[in-house]
Amino acid sequence: MNSIARPLFTLLLLMAALVGQAQKVVISGTVTNAENNDLVPQASVSDPRSGISVVTNDDGFFTLKVDAAPEVIVVSHLGYKTKKMRVNSNRLEDLVVKLSPTSISLSEIVVWTENPRDLVNIAISKIPENYSKSPQLYNCFYRETAMKRNHYVYVAEGVVDMYKTAYDKANYRDKVAIIKGRRLLSPKQNDTLTVKVMGGPVQPIQLDIAKNLDFLLNPEDLANYRFTMLPMATIDDRVQYVVQISPDNVLPYALYYGKLYIDRETLAFTRAELELDMSDRAKATQYMLVRKPSGVRFKPKEMSCLIDYKYENGLTTISYIRNTFRFNCDWKRRLFSTSFAAFCEMVVTDRKEENVQPISGRSSFDSKDAFYDKVDYFRDPEFWKDYNIIEPSESLDKAISKLVRKHQ
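Residues numbered from 1 in each chain as written. Predicted model: local features only at pLDDT ≥ 70, side-chain atom pairs only at ≥ 80, totals over all residues. Heavy atoms only, no water.

**A closer look at the environment of Glu-265**
In this fold, Glu-265 is placed in the loop between strand 15 (256-263) and strand 16 (269-276). C-alpha separation for the pair Glu-265 and Tyr-241, spaced 24 residues apart in sequence, amounts to 9.8 Å. Side-chain polar atoms of Glu-265 contact the side chain of Arg-238, separated by 3.3 Å. (Helix = DSSP H or I, 4+ residues; strand = E, 2+ residues; numbered from the N terminus. Polar contact = N/O pair within 3.5 Å; in protein donor to acceptor, adjacent residues only side chain to side chain.)

In structure tokens form, the structure reads like this:
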């Protein structure tokens, strides 16, 4: 079994949360593709003046809460031109931001023609100069959800602080503390199934490939992969090399398929898209599953993760992480299995680098903890107040309202 430290995400396959009304100035709207009007999920929306940012939900919708109305907001997404949109203080809601797909002129750039493994090695060597050289404190919004078949059975979400030491230091002092959180559970007894898989609020510590090299970018693990150069892409109007990785050896544990995005100018890692190899279900189960009830057979279908970074003022910082889990469970003496899906995502909404103090061990969230056990059930519509959050998608919002009525 791979010795990589893995965070835990407790799925009680149960549920949480209402969306509060912000007390600050609120800018809201939808991000779409300018060519076909398709919604653009997970687009970054930020106020460049304050540095506060959020991401769009699965419906392309966002809300951004700031102290004062900004003159412009900046919206970006992989494969689109970054949009700087002027904001009218008299109209801050129902904005429509249209992003134009970008194209790359190969005549204007230098194409990497060497071994792509060498490019990855160079990017690793440049981590100390491309990422923070001092401790940072990040304010983040975190949400985890679970679905049974096509309906939500569990939601938990919260605001957390994340402390990270400099990127040339080990990550053993990096910690996460829950500021506030809430949950909502399905009241149906047959929706309940306790399963533990990878994930949780500590995921930006464990899955930060540039800081925690033991997760993927260490020589021992990289030796087991094949590297292929793919066509270049753009993130925040910056050209990115794209290196595809795929398993090249048969090992006792599962490896990843994925893409690594490397900034052409700084050679910093800016994005990683990873998907666990499911060709051997026993190995995938060994990697994903931590605990399950006796008598339940766990059948993995997907485990993928997205790690996004943002380049700002000469520094590359982690900005967004999303994990997806899909699996089936069946019980002995039952004819059909039940499909489940689980998601956890975290977005960095603010960042501090002055007078930063470490999070004490007593206040920190441990990788063995369950987020569900650390937060309470709330129905207060003002719960989030001034905090920036990832707005629930329409389907999630309806599911939350339905479960609240059942609890009432």
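**Looking at the layout of surface pockets**
When its volume is computed, the largest pocket comes out at roughly 300 Å³. Looking at the largest pocket, it is lined by 14 residues, and the ones nearest its centre are Val-74, Thr-82, Asp-236, Tyr-311 and Glu-312. Those elements that place two or more of their residues in the lining of the largest pocket are strand 3 (44-46), strand 6 (72-76) and strand 18 (296-312). A per-class count over the lining of the largest pocket returns 4 nonpolar, 4 polar and 6 charged. (1 Å grid on protein atoms, 1.4 Å probe; cavity = no way out; pocket = protein on both sides within 12 Å on 5 of 7 lines; lining within 4 Å. Points joined across faces, edges and corners; volume = space filled by probe spheres on them. Nonpolar A, V, L, I, M, F, W, Y, C, P; charged D, E, K, R; others polar.)

**Some details on the confidence of the model for the chain**
Detailed reading of the predicted coordinates is not advisable wherever pLDDT is low. Summarising the model, the chain shows a mean pLDDT of 86, and 86% of its residues fall at 70 or more. Ignoring residues within four places in sequence, the model shows residues 1-8, a span with pLDDT below 50, making 32 contacts including any to other chains. Across residues 10-22 the pLDDT falls below 50, and counting only partners more than four positions away or on other chains, this stretch makes 84 contacts in the model. (pLDDT = per-residue confidence, 0-100. Contact = heavy atoms within 4.5 Å.)

**Re the packing of aromatic side chains**
Evaluated as defined, the whole model comprises 10 aromatic pairs. Measuring from ring centre to ring centre gives 5.9 Å for Tyr-131 and Tyr-309, while their planes differ by 70°; the resulting arrangement is edge-to-face. Highlighted residues: Tyr-131 in the loop between helix 2 (127-130) and strand 9 (136-148) and Tyr-309 in strand 18, separated in sequence by 178 residues. As far as burial versus exposure is concerned, Tyr-131 and Tyr-309 are alike and both buried. A network of ring pairs unites the aromatic residues Tyr-131, Tyr-167 and Tyr-309 as a single cluster. Of note, Lys-180 hangs over the ring of Phe-383, and the distance from its end group to the ring centre comes to 4.1 Å. A cation sits over an aromatic face here: Arg-238 above Tyr-311, 3.9 Å from the ring centre. (Phe/Tyr/Trp six-rings, centres within 6.5 Å; stacked < 30°, edge-to-face > 60°. Buried < 20%, exposed > 50% of the residue type's maximum accessible area, 1.4 Å probe, protein only. Lys NZ or Arg CZ within 6 Å of the ring centre and 35° of its normal.)

**Considering the sheet that holds strand 11 (residues 175-185)**
Pairing between the strands of a sheet is mediated by backbone hydrogen bonds and can be parallel or antiparallel. What the 11 strands build is an open sheet, ordered 13-14-15-16-18-19-20-9-10-11-21; its pairing is mixed. Either end of the sheet is taken by a strand with one partner, and the two such strands are strand 13 (225-235) and strand 21 (376-377). Here helix 1 (residues 116-125) sits on the sheet and contacts strand 13, strand 14 (238-247), strand 15 and strand 16; the angle it forms with strand 13, its principal contact strand, is near 70°. (Pairing = 2+ DSSP bridges. Axes fitted to C-alpha atoms, helices over the stretch in contact; angles between N-to-C directions.)

**Examining the pairing of strand 14**
Each regular strand displays side chains that alternate between the two surfaces of the sheet. Counting buried positions along strand 14 gives 9 out of 10 residues, so the element sits mostly inside the fold. For strand 13 and strand 14, the ladder comprises 9 bridges, and the chain directions are antiparallel. Looking at strand 14, one finds that Phe-227 is bridged to Ile-245. The loop that links strand 13 with its antiparallel partner strand 14 comprises 2 residues; one of these, Asp-236, has a positive phi angle of about 55°.

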